[in-house]
Amino acid sequence: MAAIIGKADESKRAAVTPLMMYYVGRATGRDPALKLEPELRRVYGDTAAFGKSFPVEAARCGAEMEVVGKDLMRIGDALKQSENVSK
């Protein structure tokens, strides 16, 4: 996500930023002591490995975000329905 944000125009950056925040939240939730900058430098530092892993990781993350997005939409719809019932 950070790679996309760094190279994206403003409209794409606005669309990708929430995804980046989601994954930063997951990473820091898993390890609150995580130092984000050194970790990103480690990942980007090996450009050959990054070039090979990026398409795979982008597909994996995209599939994960699709599931999360659908679940959030389902929850939002359910909340709207319960709000309409209680009125």
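Worth saying up front: this structure is predicted, and the values here are computed from it rather than measured.

## Some points on the packing of aromatic side chains
Using the criterion set out here, one finds 2 aromatic pairs in the structure. Centre to centre, the rings of tyrosine 22 and tyrosine 23 are 4.9 Å apart; their planes meet at 85°, and the pair counts as edge-to-face. Here phenylalanine 50 and phenylalanine 54 contribute two aromatic rings whose centre-to-centre distance is 5.5 Å and whose plane-to-plane angle is 45°, an arrangement assigned as tilted. Separated by 4 residues within a single helix, phenylalanine 50 and phenylalanine 54 lie in helix α4 (residues 47–86), roughly one turn from each other.

## Focus: the pattern of salt bridges
A side chain of one charge can pair with a side chain of the opposite charge when the charged atoms of the two come close. Going through the model one piece at a time under the given rule, you end up with 7 salt bridges. For the salt bridge of arginine 26 with glutamate 64, the shortest nitrogen-to-oxygen distance reads 2.2 Å. Taken together, the positions of arginine 26 in helix α2 (residues 10–30) and glutamate 64 in helix α4 put the pair 38 residues apart, joining distant regions of the chain. Taking relative accessible area as the criterion, arginine 26 reaches 32% and is therefore assigned partly exposed. Arginine 42 serves as the salt-bridge partner of glutamate 39, at 2.4 Å between the closest nitrogen and oxygen. Of this pair, glutamate 39 and arginine 42 are both found in helix α3 (residues 36–45), 3 residues apart, which corresponds to roughly one turn of the helix. Ionic contacts of the salt-bridge type, sharing partners, join the residues Arg26, Glu57, Arg60 and Glu64 into one network.

## Concerning the environment of methionine 65
In this structure, methionine 65 sits in helix α4. What makes methionine 65 buried here is its relative accessible area of 17%. Distance in space between the C-alpha atoms of methionine 65 and valine 16 is 11 Å, their sequence separation being 49 residues. Not counting the four nearest positions on each side in its chain, methionine 65 is found in contact with Leu19, Tyr22 and Tyr23.

## Description of the confidence of the model for the protein chain
Looking at the protein chain as a whole, its pLDDT mean stands at 84, while 91% of the residues score no less than 70. The secondary structure element of the protein chain with the lowest average pLDDT is helix α1 (residues 2–7), at 67, and the one with the highest is α4, at 88.

## Observations concerning a nonpolar patch on the surface
Taken together, Leu72, Ile75 and Leu79 make up a surface patch of nonpolar side chains, about 290 Å² in accessible area. Position of leucine 79 among the secondary structure elements: in helix α4.

## Quick look at the environment of alanine 78
Note that alanine 78 resides in helix α4. The partly exposed category is assigned to alanine 78, whose relative accessible area is 41%. In this structure, the C-alpha to C-alpha distance between alanine 78 and valine 24, residues 54 residues apart in sequence, is 28 Å.

Calculation rules
- Residues numbered from 1 in each chain as written.
- Predicted model: local features only at pLDDT ≥ 70, side-chain atom pairs only at ≥ 80, totals over all residues.
- Heavy atoms only, no water.
- Phe/Tyr/Trp six-rings, centres within 6.5 Å; stacked < 30°, edge-to-face > 60°.
- Helix = DSSP H or I, 4+ residues; strand = E, 2+ residues; numbered from the N terminus.
- Salt bridge = Lys/Arg side-chain N within 4 Å of Asp/Glu carboxyl O.
- Buried < 20%, exposed > 50% of the residue type's maximum accessible area, 1.4 Å probe, protein only.
- Contact = heavy atoms within 4.5 Å.
- pLDDT = per-residue confidence, 0-100.
- Patch = residues over 30% accessible without salt bridge, like charges linked within 9 Å, V, L, I, M, F, W, Y side chains within 5 Å.
- Areas by Shrake-Rupley, 256 points an atom, 1.4 Å probe, with all protein chains shown as cover.

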